[in-house]
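Working through the structure, step by step
Here is what each chain is made of, one letter per residue.
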Amino acid sequence: MVTKLSKSNKGKKVFVGLSGGVDSSVAALLLKKQGYDVTGVFMKNWSNTKKLGGECNWVAERQDAMRVAAKLGIPFKTYDFEREYRKKVLKYLIREYKHGRTPNPDIMCNKEVKFKLFLKKAIKDGADLIATGHYAKVGKQQMVNELQYRLMIPKDKEKDQTYFIHILNQKILSKTLFPLGNLTKPEVRNIARCYGFITAEKKDSVGICFVGEVNMREFLKKYLKFTRGDIVDIKGKVLGKHDGLEYFTIGQRAGLNIGGSGPYFVVSKNFKSKKLIVTSNPKDTLLFSRQARIKEMHWISGAMPKIPLSVLTRARHRQRLEKAILKKDKKDFKVIFARPQRALTPGQSLVIYKNGECLGGGVIKSQ
């Protein structure tokens, strides 16, 4: 399915983020078919991952993006945001791990680089709009004095990426297009095959945003001095040694290197005693919470709705939406879940939904 050309779009300049993947390739194609004046933009934000125990071949990714642009007959640009990425995303990543929290660099990257910086530079270079290959929709609602833009769940619920872009605001949404919002991933791949894109069968990218697949332990060793200590069970029995509390995440199973019956799951981290507390029971009540405190709440509309509010929530990408009540709690917010939630992790985002719309979200502060 490819949308037919629209005369109303003719002359409108859209800069689409071409990552070298299938989604952004098809997004660019759809925009051209819809009549937009399209320019492909590759964002270079990281270039030395090999030194960190991983592989991020940005040169090859850029070449694939260039091939797609050439096939479509559209101009191609490269934006170098590496300095800004290090300042805004890498420093945040290291700071959060240093304080024992588990950050989400993809969300910070979307906030500071993929949309904010991209839009600013694109507009400066003559664009009217920007676009990406994210699976999401933009809705519009006429309010009393203004037009309000809404972030909506896409057709493909399995690929829904609103979790990662819940930090967008009205200014950015008013200038952003998500061409894949009404398509499923299989449909996107079929379109790419039909048009002979080199990216048609390319696997989805994984790992840290723009950095790619790296060994997180090796990555962090470059920047942090780990807090080493004992691994203990919930009764205090010493089971072994860990080489850094900073590396572990609540609910984590892999990488504990404990002999015996196992497996074990991380329940909590005590930086004062340097102990990593674990349980061998995946259904241990200590792994579950009925509520969470949320800080740094962001509302896409720019205004807080009437609280308390019945909502649906998501504490991680692709998690099923969970019923909850959102309440105000002094400076922060409190979310009370209809059923206990497993491994709520400080530093990760909790995103709020209602009636198919992503209202915004905040950062988990504590259980």
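Residues numbered from 1 in each chain as written. Predicted model: local features only at pLDDT ≥ 70, side-chain atom pairs only at ≥ 80, totals over all residues. Heavy atoms only, no water.

**Side note on the overall build of the protein chain**
Inclusion rule: Starting at the N terminus, helices and strands are each numbered in turn, a helix being any DSSP run of H or I of at least four residues and a strand any DSSP run of E of at least two. The globule rule used here is 2.2 Å times the number of residues to the 0.38 power, and the radius of gyration it is set against is calculated over C-alpha atoms. Working definition: with a 1.4 Å probe on protein chains only, accessible area under 20% of the residue-type maximum means buried, over 50% means exposed, and in between means partly exposed. Every residue pair with non-hydrogen atoms within 4.5 Å of one another is taken to be in contact. Areas reported here follow the Shrake-Rupley algorithm with a probe of radius 1.4 Å; residue values treat only the protein chains shown as occluding. His is not counted, nor are the chain ends; Lys and Arg add positive charge and Asp and Glu add negative charge. A charged residue contributes its charge at one atom only: NZ of Lys, CZ of Arg, CG of Asp or CD of Glu.
In terms of regular secondary structure, the protein chain is built from seven helices and 17 strands. For the protein chain, whose C-alpha radius of gyration is 22 Å, the value lies close to the compact-globule estimate of 21 Å for 367 residues. Along the first, second and third principal axes, the C-alpha set of the protein chain runs to 70 × 50 × 35 Å. Looking at the protein chain residue by residue over its 367 residues, the buried ones come to 52%. Look at the contacts in the protein chain between residues 6 or more apart in sequence, and 65% of them connect residues 24 or more apart. For the protein chain, the exposed area adds up to about 18,200 Å²; of that, 50% sits on carbon and sulfur atoms. Distance from the positive charge centre (73 side chains) to the negative charge centre (32 side chains) of the protein chain: 3 Å.

**A closer look at helix 1 (residues 22-33)**
For an α-helix, 3.6 residues make a turn, and residues three or four places apart therefore share a direction. To keep things clear, this is the line we draw: By this rule the span expected of a helix is its residue count minus one, scaled by 1.5 Å.
The terminal C-alpha atoms of helix 1, which comprises 12 residues, lie 17 Å apart, in line with the 16 Å expected from a rise of 1.5 Å per residue. Looking at the buried positions of helix 1, the neighbouring elements they touch are strand 1 (13-17), strand 2 (37-44), helix 2 (58-72), strand 4 (129-131), strand 7 (176-177) and helix 6 (185-194).

**Considering a positive patch on the surface**
As a reminder, the rule being used: Each patch is built from residues that are more than 30% exposed by relative accessible area and take part in no salt bridge. Like charges join if they lie within 9 Å; nonpolar side chains (Val, Leu, Ile, Met, Phe, Trp, Tyr) join within 5 Å. Basic side-chain nitrogens of Lys or Arg form a salt bridge, by our definition, when they fall within 4 Å of a carboxyl oxygen of Asp or Glu.
Together, Lys77, Lys120, Lys121, Lys124 and Lys171 make up a positively charged patch on the protein surface. Take the positive patch: its biggest share by element is three residues, from helix 4 (residues 105-124). Looking at where lysine 77 falls in the secondary structure, it is placed in strand 3 (residues 76-80).

**Observations regarding the confidence of the model for the protein chain**
Close reading of the predicted structure is inappropriate where its pLDDT is low. To be explicit about the condition: For every residue, the pLDDT score states the predictor's confidence, bounded by 0 at the bottom and 100 at the top.
When pLDDT is averaged across the protein chain, the result is 91; 92% of the residues are at 70 or more. Low pLDDT, under 50, characterises residues 51-55; the stretch is placed with 16 contacts to residues that sit more than four places away or in other chains.

**Observations regarding the nonpolar core**
The cut-off we apply is this: Within this scheme, the nonpolar core is defined by two criteria: the residues are buried Ala, Val, Leu, Ile, Met, Phe, Trp, Tyr or Cys, and they are joined through side-chain atoms within 4.5 Å.
Counting 45 residues, the largest nonpolar core has Tyr79, Phe118, Leu151, Leu168, Phe178, Phe219 and Leu220 as the members making the most contacts within it. If you list the elements that add at least two residues to this core, you get strand 2, helix 3 (82-98), helix 4, strand 6 (147-152), helix 5 (170-173), helix 7 (216-221) and strand 16 (349-354). Considering every element that reaches this core, the biggest residue donor is helix 4, with nine residues. Not counting chain neighbours up to four residues away, the residues in contact with phenylalanine 118 comprise Phe15, Val16, Gly17, Val41, Met43, Tyr79, Phe81, Val113, Ile130 and Ala131. Ala28, Leu129, Tyr135 and Val188 belong to the second largest nonpolar core, which has 28 residues in total.

**Some points on the sheet that holds strand 10 (residues 265-270)**
Selection rule: Whether two strands pair depends on DSSP finding at least two bridges between them. Note on definitions: angles span 0 to 180 degrees between N-to-C directions of axes, and those axes are lines fitted to C-alpha atoms, for helices only across the stretch in contact.
Pairing within the open sheet is mixed, and its four strands lie in the order 9-8-11-10. Of all strands in the sheet, those with a lone pairing partner are strand 9 (238-242) and strand 10, marking the two edges. Between one strand axis and the next, the sheet turns through 30 degrees on average, direction left out of account. Examined bridge by bridge, strand 8 (residues 229-233) and strand 9 share four bridges and lie antiparallel to one another.

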